[in-house]
Amino acid sequence: MQRRAFLLMSSAAALAACAAPVQEPTLAPDGKPRSRVYRISAGDKGRIQFRMLDAVNALRQTAGLEAVRLNSRLNAAAATHARDMSVQNRPWHFGSDGSSPIDRVQRVGYTGRLIGENLSETYETELETLAAWMEQPSTRAVILDPAARELGLAWYQEENGKIWWSMVLGSPELTPTPGQVVTAPPAETGTRF
């Protein structure tokens, strides 16, 4: 009898070990989907930049436009501003030192013309951010500008998961107009130059 009880208990324990782990509920107490923080690791940089590049080029191809390519100088300008937006705690086109997007691309040695800059303060992935940019006329216009040939993309993620995205588009064939004055509407997150 003890042998049967032992075998029965052993079998039950083995079956319990094979059972699927209890999963966390997918709904929050308020009935809405539970949010998950999108964490970006240092090794994700190239993957994220190329996924965004591919998505932008798919959108541009659909619109009958030429593809853009990544530019390391524009990436650097975007990275500087993404970090600075976090320091300022607001997504806007001016740096804490008063710099404009044109100033930032010139500082990194970009000799082409700045087409525009898109910014976002979010907890969303790069593709969700791109989708949100495509819904707004001002940011969509930057992504689909026919003169754009190069793209820079960078982000800064805070400890709490908030991501500050910065996308810069430029054109190496066009040179900046001397004395060009740029103004950005304060409520916009995408500005064309």
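Just so you know, these numbers come straight off a predicted model, no measurement behind them.

A. Broad picture of the overall build of the protein. The secondary structure content of the protein amounts to six helices and five strands. Taken from N to C terminus, the helices and strands of the protein fall in the order α-α-β-α-α-β-α-α-β-β-β. Across the protein, the fraction of contacts at a sequence separation of at least 24, relative to all contacts at a separation of at least 6, is 69%. Surface summary for the protein: the accessible area is close to 11400 Å², and the carbon and sulfur share equals 56%.

B. Representation of the pattern of salt bridges within the structure. One pass over the full model with this rule turns up six salt bridges. For the salt bridge of arginine 149 with glutamate 66, the shortest nitrogen-to-oxygen distance reads 3.3 Å. Of this pair, arginine 149 sits in the loop between α6 (137-143) and β3 (150-157) while glutamate 66 is found in the loop between α2 (45-62) and β1 (69-70), placing the two residues 83 residues apart along the sequence. A salt bridge links aspartate 97 to arginine 107; the shortest N-O distance between them is 2.8 Å. Placement of the pair is aspartate 97 in the loop between α3 (72-88) and α4 (101-107) and arginine 107 in helix α4, with a sequence separation of ten residues.

C. The arrangement of the layout of surface pockets in detail. By volume, the largest pocket is sized at about 210 Å³. Looking at the lining of the largest pocket element by element, the count peaks at five residues for β3. Across the lining of the largest pocket, the residue classes tally to seven nonpolar, four polar and one charged.

D. Region of the structure containing the pairing of strand β4 (residues 163-171). Of all nine residues in β4, nine are buried, a share of seventy percent or more. Of the two faces of β4, the one carrying Ile163, Trp165, Met167, Leu169 and Ser171 and the one carrying Trp164, Ser166, Val168 and Gly170 are both buried. Both strand β2 (residues 113-122) and β4 contribute to a ladder of nine bridges, which runs antiparallel. Across the sheet, threonine 122 pairs through a bridge with isoleucine 163, a residue of β4. As judged from the eight bridges shared by β3 and β4, these two strands associate in the antiparallel manner. Across the sheet, the residue bridging to leucine 151 is leucine 169, located in β4. From the end of β3 to the start of β4, which pair antiparallel, there are five residues, and glycine 161 there has a positive phi angle of about 100°.

E. Main features of the packing of aromatic side chains. Taken as a whole and assessed by the stated rule, the structure comprises one aromatic pair. Arranged with centres 5.4 Å apart and planes meeting at 50°, the rings of tryptophan 155 and tryptophan 165 form a pair that is tilted. One end of the pair, tryptophan 155, is in strand β3; the other, tryptophan 165, is in strand β4, and ten residues separate them in sequence. There is no split in this pair, since tryptophan 155 and tryptophan 165 are both buried.

F. Just the nonpolar core, in detail. With 22 residues, the main nonpolar core has Val56, Leu130, Ile143, Leu153, Trp165, Met167 and Leu169 as its most contacted residues. Elements with a minimum of two residues in this core: α2, α5 (126-135), α6, β3 and β4.

G. Layout of the pairing of β3. Taking burial as the measure, the eight residues of β3 include seven buried ones, the bulk of the element. With two bridges connecting them, β1 and β3 associate as parallel partners. Of the residues in β3, the one forming a bridge with arginine 69 is glutamate 150.

Rules behind the numbers
- Residues numbered from 1 in each chain as written.
- Predicted model: local features only at pLDDT ≥ 70, side-chain atom pairs only at ≥ 80, totals over all residues.
- Heavy atoms only, no water.
- Helix = DSSP H or I, 4+ residues; strand = E, 2+ residues; numbered from the N terminus.
- Contact = heavy atoms within 4.5 Å.
- Areas by Shrake-Rupley, 256 points an atom, 1.4 Å probe, with all protein chains shown as cover.
- Salt bridge = Lys/Arg side-chain N within 4 Å of Asp/Glu carboxyl O.
- 1 Å grid on protein atoms, 1.4 Å probe; cavity = no way out; pocket = protein on both sides within 12 Å on 5 of 7 lines; lining within 4 Å.
- Points joined across faces, edges and corners; volume = space filled by probe spheres on them.
- Nonpolar A, V, L, I, M, F, W, Y, C, P; charged D, E, K, R; others polar.
- Buried < 20%, exposed > 50% of the residue type's maximum accessible area, 1.4 Å probe, protein only.
- Pairing = 2+ DSSP bridges.
- Phe/Tyr/Trp six-rings, centres within 6.5 Å; stacked < 30°, edge-to-face > 60°.
- Core = buried A, V, L, I, M, F, W, Y, C linked by side-chain atoms within 4.5 Å.

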